[in-house]
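Remarks on the overall topology
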Amino acid sequence: MALLNFKKRRQTTPAASPAAVEALLKDYSIEVMPRTAEKIDDFRDLLPAGTRVYIAHIEGTPIEDMVATARRLADQGYNIMPHFPARIIKDRSVLADWIARYHGEAGVDQALLLAGGVAQPYGDFHSSMQLLESGEFGKAGFKRLHVAGHPEGNRDIDPSGGMENVTAALKWKQAFSETSDAEMALATQFAFEAKPIIEWADSLKAAGIDLPIHIGVAGPAKLQTLIRFAIACGVGPSLKVLQKRAMDVTKLLLPYEPTDVIADLAAHKAANPDFNITNVHFFPLGGIKANTTWAIENAGASGVPASAQ
């Protein structure tokens, strides 16, 4: 697989240099689930040491499986960030138990807090703000807390398709971050086009929200797979990038790669060093091996994240 071909791409901004793409991809993170992680014999064959690995907690996954996956990955030298979906956590005692298990058995001290995709909460929690307010993460000494971001909105929060409620929630989280000892950042849903991502990131800064953004990017995958996930996850306007590609018979059977969106974001970051997107977070929808191979080939010869250098 060749490295990014920058010269052939038509752009309204200057083409991203390989160095700019490498800079954006340094310290990238990736998401796994216990069942997908089981298929990898040794992550050290695929991921640079020190990579942040998010562990997605899908409804119905036993906490024992989550903790075992966290422990295995931590033992292999990775920074582990498990999901804490508020709506599947029954009450404060369950939350405290999960935190204690992760911390005590796997040395975890960071977490992604989100509402979770279930319609009916299991118990007391329905939002990541309630998890933050509980104080349980601070008691356990968690050093980093990420919360969800939605570049193209979230109809669970804003049924009309607007951004009013989403933005209000982010303002609350911004204020919380200013009183918390934990480092905080936004980890976002994936999108397929740089322009709406850039506009959204700029709008947050204009609204006084300066949390660093770890932008979600879908890894290489079959086009049909991506369209299915995109619709299920509520991806907005940038879905048209995939739909347009699907209409091109010459591209329909070719795997999608995040080359264009990464290159456009890297070019913008190089031209605007204070741009608030600081990291890339991969969703390996086409498989972990395909994603990690692409990341290493496009992040430079070593593929080593900045934190490990």
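Here we summarise the structure given alongside this text.

Conventions we followed
For every chain, the first residue of the written sequence is number 1, and numbering continues from 1 along that sequence. Two thresholds apply to this predicted model, a pLDDT of at least 70 for residue-level local features and 80 or more for giving and counting side-chain atom pairs, whereas whole-chain, interface and lining totals are computed over all residues. Side-chain numbers come from the whole structure's heavy atoms, not from hydrogens or water. The angle between two axes is taken between their N-to-C directions and runs from 0 to 180 degrees, where each axis is a line fitted to C-alpha atoms and a helix contributes only its stretch in contact. Under the scheme used here, helices are H or I runs from DSSP no shorter than 4 residues and strands are E runs no shorter than 2 residues, and both carry numbers assigned from the N terminus. Comment on the angle field: the value is read as roughly parallel under 35 degrees, roughly antiparallel over 145, roughly perpendicular from 65 to 115, and oblique elsewhere. Throughout, a crossing is termed right-handed when the near helix is turned clockwise from the far one, and left-handed when it is turned anticlockwise from it by less than a right angle. Only heavy atoms enter the contact rule, under which two residues are in contact if any of them lie within 4.5 Å. Accessible area is worked out with a 1.4 Å probe on protein chains only. A residue is then buried under 20% of its type maximum, exposed over 50%, and partly exposed in between. Two strands form a pair only when DSSP identifies at least two bridges running between them. A pairing counts as a salt bridge when a side-chain nitrogen of Lys or Arg comes within 4 Å of a carboxyl oxygen of Asp or Glu.

**Structural notes on the packing of helix 8 (residues 194-206) against helix 12 (residues 259-271)**
- The contact between helix 8 and helix 12 brings their axes to 9 Å, and the two run at 40°. On the basis of their axis angle, the class for helix 8 and helix 12 is oblique. The element helix 8 and its partner helix 12 pack so that their crossing is right-handed. Contact residues: Ala194, Ile197 and Ile198 in helix 8; Val261, Asp264, Leu265 and His268 in helix 12.

**Here we look at the pairing of strand 4 (residues 110-114)**
- With 4 of its 5 residues buried, strand 4 lies for the most part within the structure.
- With 3 bridges connecting them, strand 3 (residues 79-85) and strand 4 associate as parallel partners. Along strand 4, the bridge assignment pairs histidine 83 with leucine 112.

**Looking at the pattern of salt bridges**
- Applying the stated rule across the entire model yields 7 salt bridges.
- For aspartate 97, the salt bridge is made with arginine 101, and the minimal N-O distance between the two is 3.1 Å. Of the two residues, aspartate 97 and arginine 101 both sit in helix 4 (residues 92-106), 4 residues apart, roughly one turn of that helix.
- We classify aspartate 97 as partly exposed; its relative accessible area is 31%.
- Across the salt bridge formed by glutamate 183 and arginine 144, the nearest N and O atoms sit 3.0 Å from each other. On the criterion of sequence distance, the pair formed by glutamate 183 in strand 6 (residues 183-190) and arginine 144 in strand 5 (residues 144-149) is long-range, its members being 39 residues apart.
- According to the relative accessible area criterion, arginine 144 is buried, its value standing at 17%.
- In this structure, a network of salt bridges that share partners links the residues Glu64, Asp97 and Arg101.

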